Amino acid sequence: MSSDRVFERRIVSKRRTSANLEDAPEKQCPNGWASVVAAASAAAASSSSSSRPKTAVAKNLQQRPTPFQPHPDSNCDWFFKVMVLGDSGVGKTCLLVRFRDDTFLGGNYISTVGVDFRNKIISVDDSKVKLQIWDTAGQERFRSVTHAYYRDAHALLLLYDVTNKVSFDNIRAWLSEIRDYAHEQVVIMLIGNKADCSSNDRMVKRDEGEQLAKEYSVTFLETSAKSGLNVEIAFMSVARELLFKKTGIEKKGSFNVQEYVKEQTKTNCPACSTT
Ligand SMILES: Nc1nc2c(ncn2[C@@H]2O[C@H](COP(=O)(O)OP(=O)(O)OP(=O)(O)O)[C@@H](O)[C@H]2O)c(=O)[nH]1
C-alpha cells in the first residue's frame, strides 16, 4: 500500500438518497451491517459456547432503536476511519457513545462482539469531517476479526483503564499488534479512560501514561466517558491531525497535536470532573 493511500478517501458526492444512512460504512456493504455481522457471528460461533455475549448489532440495537433510519445528505469534505482499541472493559463503547450521543452507558455491561461502528460529522475550521468510528471487541478471542479492520484505519485510539493496571500493562502488546497490522502512517492516540475514578481506585498514574506515550511517540490524554472529560478533545485532536496530514503541506501550515492537546486540556482537571 502506498504511504499516502490511506488518506485518499475524500468524499466527492454524498447523493445516496435512501441508501444514505449516516451509519453505513463507505463502499463496504450496501446496508452497512452485513459484513460486520457475518464476521462477528463467525467469530462468536467458533469461540467457546459458554457465556456467549450478545452481538455488536444486538448491543447497538438496544441503544439505538432505529439503526437503519436514513439521514439527510451530509455534504462533508473529508472522511476518516478511526478505530477504538484496548482490553475488554476499558470503556471503548462508552467513549464512542459519549462522543457520538453525549450520553453515558451506565448499568449492565455488555461486551462487544466483533466490530461495530458509528459515524459523526464534525467541523474542523472550515471543513466538514466525517469520522467513521469503529468500536472493537476487546476480548482476545475476537482479535482475528478486529485485525482485519486495522489495515485501512486512519487513526487508532488505544485505551486503557486507569483503574486496571493489567489493561495498562497490555498496551505494549497492543502497540506491537498495531505495528504488525495497521498502516505505517496511522495516527495513534493513547488514552487513559475512567479518569473520573477516585484516587483510591486509580492504579495507573497519569505520569505513567504520559511516559509510555512519550516512549512510543504517540499523543496522550486521560478521558472519562462517564463525565465527558476530554472526550471531544480526543476525537477533535485526531481529526485535526488527520486533516493536517492531508492538507497541511499544501497550506504550508503547521500543527503539533501534542501542543494542541496541551492547550485544549489546560483548564481540565480530572479530579474536578469526578461525578
Ligand atoms: N467510572 C467509569 N466507568 C466507565 C467509563 N467508561 C466505561 N465505564 C464502565 O466500564 C464498563 C465497560 O465499558 P465498555 O464501554 O462496555 O467497555 P469496552 O471497552 O467497550 O468493553 P468490550 O466491549 O468488552 O471490549 C461499563 O460498566 C461502563 O459503564 C468511565 O469513563 N468511567
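Parameters and conventions
- Here the residue index of a chain counts from 1 through its sequence in written order.
- Local features in this predicted model are restricted to residues of pLDDT 70 or higher, and side-chain atom pairs are both shown and tallied only at a pLDDT of 80 or more, whereas totals for entire chains, interfaces and linings draw on every residue.
- UniProt positions are given in the numbering used here, feature names are shortened, and annotations may be inferred rather than shown by experiment.
- Nearness is defined per residue: the C-beta atom, placed using the backbone, must lie within 6 Å of the molecule or strand.
- Secondary structure counts use DSSP, requiring at least four H or I residues in a row for a helix and at least two E residues in a row for a strand, with both numbered from the N terminus.
- The classification used treats Ala, Val, Leu, Ile, Met, Phe, Trp, Tyr, Cys and Pro as nonpolar, Asp, Glu, Lys and Arg as charged, and all other residues, Gly among them, as polar.
- Three exposure classes are used. Buried residues have 20 or more other C-beta atoms within 10 Å of their own C-beta, exposed residues have 12 or fewer, and partly exposed residues fall in between, all C-beta atoms being placed from the backbone.
- Every residue is assigned a pLDDT by the predictor, reflecting its confidence on a scale from 0 to 100.
- With C-beta atoms placed from the backbone, a contact is any residue pair whose C-beta atoms sit within 7 Å.
- Two strands qualify as a pair provided that DSSP identifies no fewer than 2 bridges between them.
- The arc in question is formed by the directions pointing from the helix axis toward the C-beta atoms.
- For helices, the fitted line uses only the C-alpha atoms of the stretch in contact; every axis is such a line through C-alpha atoms, and the angle between N-to-C directions lies from 0 to 180 degrees.

An unreviewed UniProt entry lists the protein chain under the name small monomeric GTPase, with Cinara cedri as the source organism. The UniProt entry for the protein chain carries the following comment under Catalytic activity (unreviewed entry): "GTP + H2O = GDP + phosphate + H(+)". Its UniProt record gives the protein chain a comment under Cofactor (unreviewed entry), which states: "Mg(2+)".

To continue, consider the site of the ligand. Within the structure, the ligand sits among 22 residues, and Ser88, Gly91, Thr112, Gly138 and Lys226 are positioned closest to it. Broken down by element, the residue count for the shell around the ligand peaks at three residues, all from helix α3 (residues 92-101). A per-class count over the shell around the ligand returns seven nonpolar, 11 polar and four charged.

With eight of 10 residues buried, α3 lies mostly within the body of the structure. Taken residue by residue, α3 has Lys92, Thr93, Cys94, Leu95, Leu96, Val97, Arg98 and Phe99 as its buried positions. Positive phi appears at Asp102, one or two residues downstream of α3, with a value of about 55 degrees.

Moving on: the confidence of the model for the protein chain. Chain-level statistics for the protein chain give a pLDDT mean of 75 and a share of 67% at 70 or above. Per-element confidence in the protein chain ranges from a low mean pLDDT of 40 for helix α2 (residues 56-63) to a high of 98 for helix α5 (residues 165-169). Residue range residues 1-73 is modelled with pLDDT below 50. Its contacts to residues more than four positions away, or to other chains, number 94 contacts. Under a pLDDT of 50 for its full length, residues 271-275 has, in the predicted model, 11 contacts with residues more than four places off or in other chains.

Further remarks concern the pairing of strand β1 (residues 78-86). Buried residues dominate β1, accounting for eight of its nine residues. Across seven bridges, β1 lies against strand β3 (residues 127-136) in parallel orientation. Following the sheet pairing, Val84 is matched in β3 by Asp135. Bridging between β1 and strand β4 (residues 155-161) involves five bridges; their strand directions are parallel. Across the sheet, residue Met83 finds its bridge partner in β4, namely Leu156.

Here we take up helix α6 (residues 171-181). Within α6 the residues assigned to the buried category are Ile171, Trp174, Leu175 and Ile178. The buried residues of α6 occupy an angular sector of 100 degrees when projected down its axis, which confines them to one face. Set apart from the buried face of α6 by more than 90 degrees, the exposed residues are Arg172, Ala173, Ser176, Arg179 and Asp180. Where α6 is buried, its residues touch β1, α4 (143-150), β4, α5, β5 (187-193) and α7 (206-215).

Spatially, the six strands line up as an open sheet ordered β2-β3-β1-β4-β5-β6, and their pairing is mixed. Each having just a single partner strand, β2 (115-124) and β6 (219-222) make up the two edges of the open sheet. Across the sheet, the mean angle from the axis of one strand to that of its neighbour is 25 degrees, orientation sign disregarded. Here β2 pairs with β3 via 10 bridges, running antiparallel. Looking at the pairing, Asp116 lines up with Asp135 of β3. α6 contacts β1, β4 and β5 of the sheet and is inclined by roughly 165 degrees relative to β4.

Attention now moves to the pairing of β4. Remember that side chains alternate between the two faces of the sheet whenever the strand is regular. Counting buried positions over the seven residues of β4 gives seven, a clear majority of the element. Burial along β4 is two-sided: Ala155, Leu157, Leu159 and Asp161 facing one way and Leu156, Leu158 and Tyr160 facing the other are all buried. The pairing of β4 with β5 spans seven bridges and is classified as parallel. Within the sheet, the bridge partner assigned to Tyr160 lies in β5 and is Gly192.

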